[in-house]
Amino acid sequence: MIPQEFEYTVPATLQEALTLVADGERKILAGGMSLIPLMKLRLAAPSEVVDIARVPGLGGIEESGGVVRIGATTTHHAVESSPIILAKCPLLAECASHIGDIQVRNVGTMGGSAAHADPAADYPAALLALDAKFRLVSATSDRVVEAADFFVDAFTTALEPGELIVEIQVPVEEASEGPRYEKVAHPASGFAVIGVAARIKKSGDRITMARIGVTGMGPRAFRAREAERLLESGSDVAAAIATVGNGEEVNSDLYAAGDYRRHLARVYAGRAVTTALSRAS
Ligand code: FAD
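What you see is a predicted model; the values in this text were computed from it and never measured.

With that settled, the discussion passes to the site of the ligand. Around the ligand, the surrounding shell holds 30 residues, and the nearest of these are Ile28, Gly32, Leu35, Thr109 and Asp122. With respect to the ligand, the side chain of Lys27 contributes an N or O atom lying 3.2 Å from an oxygen atom. Residue Ile28 places a main-chain N or O atom 2.5 Å away from an oxygen atom belonging to the ligand. Here the ligand loses 89% of its free accessible area of 980 Å² to cover by the protein chains. Mapped onto the shell around the ligand, the elements with two or more residues apiece are strand E2 (27-29), helix H7 (110-116) and strand E10 (164-171). Sorting elements by how many residues they give to the shell around the ligand places H7 first, with four residues. In terms of residue class, the shell around the ligand is made up of 15 nonpolar, twelve polar and three charged.

Overall, antiparallel pairing links the four strands, which are arranged E11-E12-E13-E14 in an open sheet. The open sheet is flanked by strand E11 (178-185) and strand E14 (222-223), the only strands paired with a single partner. Relative to E14, strand E13 (residues 206-215) is paired through two bridges, and the arrangement is antiparallel. If you follow Gly213 over to E14, its bridge partner there is Arg223. Lying over the sheet, helix H10 (residues 225-232) contacts strand E12 (192-203), E13 and E14, oriented at roughly 165 degrees with respect to E13.

Once that is clear, we can look at the pattern of salt bridges. All chains considered together, the criterion is met by 20 salt bridges. Close ionic contact of Asp142 with Arg135 constitutes a salt bridge, the shortest N to O distance being 2.7 Å. Here Arg261 makes a salt bridge to Asp253, at a shortest N to O gap of 3.4 Å. By sharing partners, the salt bridges in this structure join Asp131, Arg211, Arg223, Glu228 and Glu232 into a single network.

Moving on to the side chain of Arg261. Relative to the assigned elements, Arg261 resides in helix H12 (residues 258-279). The class of Arg261 is buried, set by a relative accessible area of 6%.

A few words now on the side chain of Thr9. Note that Thr9 resides in strand E1 (residues 7-9). With residues near it in sequence (within four places) discarded, Thr9 still touches Leu20, Glu48, Val49, Val50 and Asp51.

The next point concerns the domain arrangement of the protein chain. What the domain assignment lists for the protein chain is domain 1 (7-51), domain 2 (61-171) and domain 3 (179-279). Its C-alpha centre places domain 2 at a distance of 20 Å from the equivalent point of domain 3. Buried surface at the junction of domain 2 and domain 3, summed over both partners, amounts to about 1,800 Å²; 57% is from carbon and sulfur atoms. Viewed at the interface, domain 3 and domain 2 are joined by five salt bridges. Inspection of the region where domain 2 meets domain 3 yields 15 residue pairs in polar contact (both at pLDDT 80 or more). Of all elements in the fold, only helix H5 (90-96), helix H8 (123-129) and strand E8 (151-153) reach the threshold of two or more residues within the side of domain 2 that touches domain 3. Broken down by element, the side of domain 2 that touches domain 3 gets its largest block of residues, five residues, from H8.

What follows is about the nonpolar core. Membership of the largest hydrophobic core comes to 37 residues, with the highest contact counts inside it found for Leu92, Tyr123, Leu127, Phe134, Phe150 and Val170. Going through the elements one at a time, strand E5 (67-71), H5, H7, H8, strand E6 (133-137), helix H9 (147-150), E10 and E12 are the ones with two or more residues in this core. Each of domain 2 (61-171) and domain 3 (179-279) accounts for three or more of the residues forming this core. Beyond its immediate sequence surroundings of up to four residues, Phe134 is in contact with Ala114, Leu127, Arg143, Val144, Val145, Ala147, Phe150, Phe151, Ile165, Glu167 and Ile168. By size, the runner-up hydrophobic cluster in this structure holds 27 residues, among which are Val196, Ala227, Ile241 and Val273.

Analysis parameters
Residues numbered from 1 in each chain as written. Predicted model: local features only at pLDDT ≥ 70, side-chain atom pairs only at ≥ 80, totals over all residues. Heavy atoms only, no water. Near = heavy atom within 4 Å. Polar contact = N/O pair within 3.5 Å; in protein donor to acceptor, adjacent residues only side chain to side chain. Areas by Shrake-Rupley, 256 points an atom, 1.4 Å probe, with all protein chains shown as cover. Helix = DSSP H or I, 4+ residues; strand = E, 2+ residues; numbered from the N terminus. Nonpolar A, V, L, I, M, F, W, Y, C, P; charged D, E, K, R; others polar. Pairing = 2+ DSSP bridges. Contact = heavy atoms within 4.5 Å. Axes fitted to C-alpha atoms, helices over the stretch in contact; angles between N-to-C directions. Salt bridge = Lys/Arg side-chain N within 4 Å of Asp/Glu carboxyl O. Buried < 20%, exposed > 50% of the residue type's maximum accessible area, 1.4 Å probe, protein only. Domains from an automatic or database assignment. Buried area = accessible area lost by both parts, 1.4 Å probe. Core = buried A, V, L, I, M, F, W, Y, C linked by side-chain atoms within 4.5 Å.

Here's what the structure looks like:
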């Protein structure tokens, strides 16, 4: 449980941080909630970590032009309690409130969670349902990647060596839409055995927009596009959610076998959609 010896560097600016990680040799440290346990288990053994938690300009939450911009080092607790996010992206605030416990939420960061891409992390379900984007910056590049292209596989993202997530861009939810995040938390770790984020817009009794993001079921989070399409074309909720997970790879472990995980994904998608529907006006 003792990590290999390593250098610890605190850059004063984003530019300095980018220069330090440019060759891909050093490891970025944010909240340390995932990296430090890996180092203690010696599953990661960086010779130097670059602590970005207090780099100016990497934290904070602001809204402009219908987009909420969340700095990468913003903690989960700041996300769940931000007046801007509660008002403009309530699905994301609800999702953040389900992460771990208060100690984890006080230290863990949104950028760290996304970069780590744990298959059982909560944010990916909400970020997919919200059509969020990631701004990725290196010493020589600055690009924006859709959430659907960012989460590639278990613990694998679109980040290139030397790139940092600097902000997560989340389109403002319409006040009339209904959001809901439903989760089966693992009893020991709190991670999502299944997490489902749903957004519903309706006109009268007709669903005009459905978004369903699922995490925990397979190696990476995914959108339940067939279920979304069925809901938008007038199918009832039961018929739509029966398609959730079709064609997706399923994880299986000592706690939850693959078939059980897929079953949970459908049950919790049904609950998330039903509540989102009742919240839509
Ligand atoms: P770190 O651990 O510092 O870094 C994680 C990885 O991301 C490292 O590879 C690092 O190099 C990289 N990185 C960090 N920031 C950036 C950046 N800006 N750009 C590029 N790369 C970066 N998560 C859940 O979703 N749901 C849970 O229920 C949950 N429960 C937890 C329970 C416990 C007891 C613990 C310890 C963790 C739990 N987590 C859970 C994980 C938690 O959310 C972590 O905060 C998160 O996974 C990592 O964020 P961090 O800021 O601590 O990143």
